[in-house]
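One-letter residues, chain by chain:
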Amino acid sequence: MNSSFDHVLTQYTPLIKSQIKRLSLMHQYEEAFQVAMIALWDAHQRFTPEKGEFAAFAHLRVRGDLISYVRKEIRMAERFVLTDESSEHLLENLSIEDEYESSGFYFTPFLNQLSPRELLYVEQVLIQGKSIKSVACEQQVTVNTVASWSKTARRKLREMGSILGDPRKMMD
């Protein structure tokens, strides 16, 4: 980085942080900060003083690129679902009530920590392979709502995994 951009970055870091918080991207802070920093650099490179103030231009570029990043992440989450043919047999007859023992996994300690909505996400999206969009339509909520269920369920499962260990090793 050159010294003039270093100064701009130092000056506009509070703007970047506030936009990350405002768009609720704290769970992806490093990635969001990187996206915002690239947007700020691009704004710094493209800015022409005749068209207005840099602060307004930088704000629009940073916020716009962060919103684009969020949209891309949502699209990616909707598109990529487990569809590997070799694992479909594990998912066909599986339900939450089976305690997932039929596949050799024991997930009950993990699932007990999830809210009913997060459990619905796990069952319908991860197990049954439905898209986030279809679950949102069925539940009459927005795609962002289901994505938030996904985020919190995945976070809780990750935390429980680090505490309890690998569920495959928990079988008696």
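Residues numbered from 1 in each chain as written. Predicted model: local features only at pLDDT ≥ 70, side-chain atom pairs only at ≥ 80, totals over all residues. Heavy atoms only, no water.

Thoughts on the overall build of the chain
The helix and strand tally for the chain stands at eight helices and zero strands. Ordered by position from N to C terminus, the α and β elements of the chain give α-α-α-α-α-α-α-α. Relative to its 172 residues, the chain shows a buried fraction of 31%. Within the chain, contacts between residues separated by at least 24 positions form 59% of all contacts whose residues are at least 6 apart in sequence. For the chain, the exposed area adds up to about 11,100 Å²; of that, 53% sits on carbon and sulfur atoms. (Helix = DSSP H or I, 4+ residues; strand = E, 2+ residues; numbered from the N terminus. Buried < 20%, exposed > 50% of the residue type's maximum accessible area, 1.4 Å probe, protein only. Contact = heavy atoms within 4.5 Å. Areas by Shrake-Rupley, 256 points an atom, 1.4 Å probe, with all protein chains shown as cover.)

Topic: the nonpolar core
In this structure, I16, L40, V62 and L66 are the most contacted members of the largest nonpolar core, which totals 21 residues. Apart from residues no more than four positions distant in its own chain, I16 is found in contact with L9, F33, A36, M37, L40 and V62. In terms of nonpolar packing, the next biggest core, distinct from the first, is built from twelve residues, V125, I127, V135 and V146 among them. (Core = buried A, V, L, I, M, F, W, Y, C linked by side-chain atoms within 4.5 Å.)

Brief notes about the packing of helix α2 (residues 29-46) against helix α3 (residues 54-79)
In helix packing, the relevant descriptors are the interaxial angle and the interaxial distance, both defined with respect to the helix axes. Following both chains from N to C, one finds α2 and α3 inclined at 140 degrees, their axes separated by 8 Å at the closest point. Considered as vectors, α2 and α3 are oriented oblique to each other. Seen along the crossing, α2 lies across α3 with a hand that is right-handed. Each of E31, A32, V35, A36, A39, L40, D42, A43, H44 and R46 in α2 lies in contact with α3, whose residues at this interface are F54, F57, A58, R61, V62, D65, L66, Y69 and E73. Within the contact of α2 with α3, the residues separate by chemical class into twelve nonpolar, one polar and six charged. (Axes fitted to C-alpha atoms, helices over the stretch in contact; angles between N-to-C directions. Parallel < 35°, antiparallel > 145°, perpendicular 65-115°, else oblique. Left-handed = near helix turned anticlockwise from the far one by under 90°. Nonpolar A, V, L, I, M, F, W, Y, C, P; charged D, E, K, R; others polar.)

Section: the confidence of the model for the chain
Low-pLDDT stretches of the model should not have their predicted coordinates read in fine detail. Taken residue by residue, the chain gives an average pLDDT of 77. The fraction at 70 or more is 72%. Element-level pLDDT for the chain is lowest in helix α4 (residues 85-91), with a mean of 47, against a maximum mean of 93 in α2. Scored below 50 in pLDDT, residues 93-106 makes 27 contacts in the model with residues more than four places away or belonging to other chains. Here residues 166-172 is a poorly scored stretch, pLDDT under 50, and it has eleven contacts once near neighbours within four places are set aside; other chains count. (pLDDT = per-residue confidence, 0-100.)

Things to note about a positive patch on the surface
Taken together, R71, K72, R75 and R79 make up a surface patch of like positive charges. Mapped onto the elements of the fold, R75 is located in helix α3. (Patch = residues over 30% accessible without salt bridge, like charges linked within 9 Å, V, L, I, M, F, W, Y side chains within 5 Å. Salt bridge = Lys/Arg side-chain N within 4 Å of Asp/Glu carboxyl O. Lys, Arg positive; Asp, Glu negative; His and termini not counted. Charge placed at Lys NZ, Arg CZ, Asp CG, Glu CD.)

Observations regarding the packing of aromatic side chains
This model, assessed by the stated rule, comprises four aromatic pairs. Pairing F47 with F54 gives two aromatic rings, centres 5.2 Å apart and planes at 80 degrees, and the pair type is edge-to-face. Residue F54 is classed as buried on the basis of its relative accessible area, which comes to 13%. Here the aromatic residues Y12, F47, F54 and F57 are joined through ring pairs into a cluster of three or more. (Phe/Tyr/Trp six-rings, centres within 6.5 Å; stacked < 30°, edge-to-face > 60°.)

Here we look at the pattern of salt bridges
All chains considered together, the criterion is met by four salt bridges. Through salt bridges with shared partners, a single ionic network connects D42, R46, R61 and D65.

Examining unusual backbone geometry
Phi at S24 takes a positive value of approximately 55 degrees, unusual for a residue other than glycine. Notably, Q140 is not glycine yet its phi reads approximately 55 degrees, a positive angle. Its location among the elements puts Q140 in the loop between α7 (132-139) and α8 (143-164). Looking at Q140, the relative accessible area reads 74%, which means it is exposed.

So, the packing of helix α6 (residues 116-127) against α7
Where α6 meets α7, the axes come as close as 10 Å, and the angle between the chain directions of the two elements is 130 degrees. With respect to α7, the element α6 is oriented oblique. For the crossing formed where α6 meets α7, the hand is right-handed. Contacts between α6 and α7 involve R117, L120, Y121, Q124 and V125 on the former and, on the latter, I132, V135, E138 and Q139.

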